[in-house]
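For reference, the chains in residue letters:
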Amino acid sequence: MLDNPQEKKMYFVDIKTGEITMEPTAENTFTVIADEQEIQDLRELFEENYDADKRGYLRTHLPWQQYHEFSEGENKDYDRSIELIYAMIYRLGDAEARQHIDEMGILKEQNYDNEDFR
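Since the model is a prediction, treat every value here as computed from it, not as a measurement. (Residues numbered from 1 in each chain as written. Predicted model: local features only at pLDDT ≥ 70, side-chain atom pairs only at ≥ 80, totals over all residues. Heavy atoms only, no water.)

**Q** Even after reading the chapter, I still don't get the overall build of the protein, so can you show me in this structure?
**A** Helices and strands together make up the secondary structure of the protein, namely three helices and three strands. Listing each helix as α and each strand as β along the protein from the N terminus yields β-β-β-α-α-α. Counting all 118 residues of the protein, 38% fall into the buried class. The contacts of the protein with a sequence gap of at least 6 include a subset with a gap of at least 24, amounting to 51%. (Helix = DSSP H or I, 4+ residues; strand = E, 2+ residues; numbered from the N terminus. Buried < 20%, exposed > 50% of the residue type's maximum accessible area, 1.4 Å probe, protein only. Contact = heavy atoms within 4.5 Å.)

**Q** Teacher, can you tell me more about the packing of aromatic side chains here?
**A** A ring pair, where both rings are aromatic, is described by two values, the distance of the centres and the angle of the planes. Enumeration over the complete set of coordinates arrives at one aromatic pair. Plain terms: the ring middles of Phe-30 and Tyr-86 are 6.1 Å apart, the flat faces sit at 90 degrees to each other, and that makes the pair edge-to-face. On the criterion of sequence distance, the pair formed by Phe-30 in strand 3 (residues 30-34) and Tyr-86 in helix 2 (residues 67-92) is long-range, its members being 56 residues apart. Comparing Phe-30 with Tyr-86 shows no difference in burial state: the two are buried. The ring of Tyr-90 carries Arg-98 above its face, with NZ or CZ at 4.5 Å from the centroid. (Phe/Tyr/Trp six-rings, centres within 6.5 Å; stacked < 30°, edge-to-face > 60°. Lys NZ or Arg CZ within 6 Å of the ring centre and 35° of its normal.)

**Q** I keep staring at the sheet that holds strand 3 and nothing clicks. Help me out?
**A** The strands making up a sheet associate through backbone hydrogen bonding, with each pair oriented either parallel or antiparallel. As summarised here, the arrangement of the three strands in space is 2-1-3, forming an open sheet in which the pairing is antiparallel. The open sheet is flanked by strand 2 (19-21) and strand 3, the only strands paired with a single partner. Taken over all neighbouring pairs, the strand axes of this sheet differ in orientation by 30 degrees on average, direction set aside. In this structure, strand 1 (residues 9-14) lies alongside strand 2, joined through three bridges in antiparallel fashion. Within the sheet, the bridge partner assigned to Val-13 lies in strand 2 and is Ile-20. (Pairing = 2+ DSSP bridges. Axes fitted to C-alpha atoms, helices over the stretch in contact; angles between N-to-C directions.)

**Q** What is the right way to look at the environment of Met-88 in this model?
**A** Inspection of the secondary structure puts Met-88 in helix 2. Sequence separation between Met-88 and Val-32 is 56 residues; the distance between their C-alpha atoms is 9.3 Å.

**Q** Quick question: what am I supposed to make of the pairing of strand 1 here?
**A** Successive side chains on a regular strand alternate, one facing one side of the sheet and the next facing the other. Most of strand 1 sits inside the fold, with five of its six residues counted as buried. One ladder, built from five bridges, connects strand 1 with strand 3; its direction is antiparallel. Its bridge partner lying in strand 3, Lys-9 is registered against Ala-34. Taking the residues that link successive antiparallel strands as the turn, the strand 1-strand 2 hairpin has four residues, and the phi of Gly-18 there is positive, at about 80 degrees.

Structure, rendered in structure tokens:
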């Protein structure tokens, strides 16, 4: 019998590594309840964040590019991707995840419960 891909399951998200598992570990930061598509979307956001972070790392090896020029592009990409990750975790997260993100104050004021927040 095949699982329903729309069936929501509990996952554990480590924001530092971008790892999403079905088994809790000491490093897991947030608990989310999501279907397979939502988890795939979250994984893609982590990939975008990794790519933006990598571009930032590569920029450090270009001393002729002034920082403010860099910050207009790559830093915005990184900031936006991490905000989207937190927004998705907020939308899918349990009460503890939502409270933690609220306390962090990382999200701008918009409706992150909306599935089309992106």
